[in-house]
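# Fold and geometry: a report
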Amino acid sequence: MAPQPLTAAGVRAARRLSRGFFQRDPITVARALLGKLLIRRDGRILIAGRIVEDEAYLGQEDPAAHAHAGLTARNFVLFGPPGHAYVYFIYGNHYCLNVSCQPEGQAGCVLFRAMEPVFGLAAMSRTRGLVYSPSLPPSQLRAISSGPGRMCEALGITRLRDNNKDLTSRESDLWLADDGFCPEDIVTTPRIGITKAAERPLRFFVRGNPFVSGKRIA
DNA sequence: TTATAGATTGCCT
DNA sequence: GGCAATCTATAAT
């Protein structure tokens, strides 16, 4: 299945999500974020993807969450105001993007795991070191942004550039937006790639969407 | 000060 | 399917 592309006008018309959207518990926010657009503006270049997979990480009571250790120099964004980007470097190679949830002082976030590229596919592919053509097979289109590290690379997300950025600010070059799209069916599974609290059903994805990471399920 | 595991990916057999 | 790459936070000397 090929991605469902948007026009530049379609991307610009989408309404930016406000702080109140993120000022809720991570499970509610994670579910609500599926189908929303993640948009980057790089000068005159616009890049956008539709969120199709994410995971909720709770506060200090969640052993798998970075907030579990309490407030540190690395995770301070999680304890700050909602709607801010928490970016960390993992395995010496990749960045992962989260958005902070809950009122200020309360930790919690959503990890973005995969998006369906909808605008700027050539630019994303270039950043990913891939060669783009509209007629690529699904397996190669998936490689653009299915996976937390791949998504970040496609959007040019780094810790230096984006950590602690307010994604709800009008000036931000990275934001989330609602274009009215609503996923029909959401699947819930355990989170991926963790060992602690690995049984908790806190991963969510759009059923049947080919850009969800990992093996094809449901 | 040194060791190790980690919210991953891509290349190898 | 297996495993190396390669940085950082945190635990262990």
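Residues numbered from 1 in each chain as written. Chains lettered and ligands numbered in written order. Predicted model: local features only at pLDDT ≥ 70, side-chain atom pairs only at ≥ 80, totals over all residues. Heavy atoms only, no water.

### Some remarks on the overall build of chain A
We apply this condition: We count a stretch as a helix when DSSP gives it H or I for four or more residues in a row; a strand needs E for two or more, and each element gets its number in order from the N terminus. Two things to know: the radius of gyration comes from C-alpha atoms, and the globule rule equals 2.2 Å times the number of residues to the power 0.38. Here's how the labels work: a residue is buried when its accessible area is under 20% of the maximum for its type, exposed when over 50%, partly exposed in between, all with a 1.4 Å probe on protein chains only. Contacts: residue pairs with any heavy atoms within 4.5 Å of one another. Note on areas: Shrake-Rupley, 1.4 Å probe, and residue coverage restricted to the protein chains presented here. His is not counted, nor are the chain ends, whereas Lys and Arg count as positive and Asp and Glu as negative. Note on charges: their place is set at NZ of Lys, CZ of Arg, CG of Asp or CD of Glu.
When you go through chain A residue by residue, the secondary structure sums to eight helices and nine strands. Relative to its length of 218 residues, chain A is compact, with a C-alpha radius of gyration of 16 Å against a globular reference of 17 Å. Each principal axis of the C-alpha distribution contributes one length, and for chain A these read about 45 × 40 × 35 Å. Within chain A, the fraction of its 218 residues that count as buried is 53%. Looking at chain A alone, contacts between residues at least 24 apart form 63% of all its contacts between residues at least 6 apart. Approximately 10000 Å² of chain A is accessible, and the part contributed by carbon and sulfur atoms is 55%. Considering chain A, the positive charge centre built from 28 side chains and the negative charge centre built from 19 side chains are found 4 Å apart.

### What about helix α5 (residues 121-128)?
Where α5 is concerned, the buried positions are L121, A123, M124, S125 and R128. For α5, the secondary structure elements touched by its buried residues are β3 (45-57), β6 (109-119) and α7 (148-155). Looking one or two residues past α5, G129 carries a phi angle of roughly 75°, positive in sign.

### Regarding the packing of α5 against α7
Selection criterion: To obtain an axis, a line is fitted to C-alpha atoms, over the contacting stretch when the element is a helix, and the angle between two such axes runs from 0 to 180 degrees between their N-to-C directions. Throughout, the term roughly parallel applies to angles under 35 degrees, roughly antiparallel to angles over 145, roughly perpendicular to angles from 65 to 115, and oblique to all others. By convention the crossing between two helices is left-handed if the near helix lies anticlockwise of the far one by an angle smaller than a right angle, and right-handed if it lies clockwise. All amino acids are sorted into three groups, where Ala, Val, Leu, Ile, Met, Phe, Trp, Tyr, Cys and Pro are nonpolar, Asp, Glu, Lys and Arg are charged, and the leftover types, Gly among them, are polar.
Relative to each other, α5 and α7 sit at 110°, their axes nearing to 7 Å. If you check the angle between α5 and α7, you find them roughly perpendicular. Crossing handedness for the pair α5 and α7: right-handed. Across from M124, T127 and R128 in α5, the residues of α7 making contact are R150, E153 and A154. A breakdown of the residues in the contact of α5 with α7 according to their chemical character gives two nonpolar, one polar and three charged.

### Some remarks on the pairing of β6
Put simply, the rule reads: Strand pairing is defined by DSSP finding a minimum of two bridges between the two strands.
Most of β6 sits inside the fold, with 10 of its 11 residues counted as buried. Where β3 lies against β6, nine bridges are found, and the strand directions are antiparallel. By the bridge assignment, E55 is partnered in β6 with L111. Bridge count for strand β5 (residues 94-100) against β6 is three bridges, and the pairing is antiparallel. Among the inter-strand pairings, S100 is bridged to a residue of β6, identified as C109.

### A few points about the nonpolar core
Heads up, the rule is: We define a nonpolar core as any set of buried Ala, Val, Leu, Ile, Met, Phe, Trp, Tyr and Cys residues linked to one another through side-chain atoms lying within 4.5 Å.
Core analysis: the biggest nonpolar cluster contains 42 residues, and F22, L33, L38, I51, L97, F112 and L176 have the highest contact counts within it. Apart from the residues within four sequence positions on either side, L38 is in contact with I47, A48, G49, I51, L97, M151, L155, L174, W175 and L176. Residues V77, Y88, C96 and C109 belong to the second largest nonpolar core, which totals 13 residues.

### Considerations on the protein's contact with DNA strand B
Heads up, the condition is: Nearness of a residue to a molecule or strand requires only that one of the residue's heavy atoms be within 4 Å of it. Counted as a polar contact is a pair of N or O atoms within 3.5 Å, where, for protein atoms, one must be capable of donating a hydrogen and the other of accepting one, and residues adjacent in sequence contribute only when both atoms are in side chains.
Lining the immediate environment of DNA strand B, one finds 18 residues, of which Y88, H94, N98, G149 and R150 sit closest. Counting only the atoms of DNA strand B within 4 Å of the protein, the fraction contributed by sugar and phosphate is 53%. One of the side-chain N or O atoms of Y88 is found 2.6 Å from a base nitrogen in DNA strand B. In the environment of DNA strand B, a phosphate oxygen lies 3.2 Å from a nitrogen or oxygen atom belonging to the side chain of T195. Among the elements of the structure, β4 (85-90), β5, β6 and α7 are those that each provide at least two residues to the surface near DNA strand B. Take the surface near DNA strand B: its biggest share by element is three residues, from α7. Split by residue class, the surface near DNA strand B holds eight nonpolar, seven polar and three charged.

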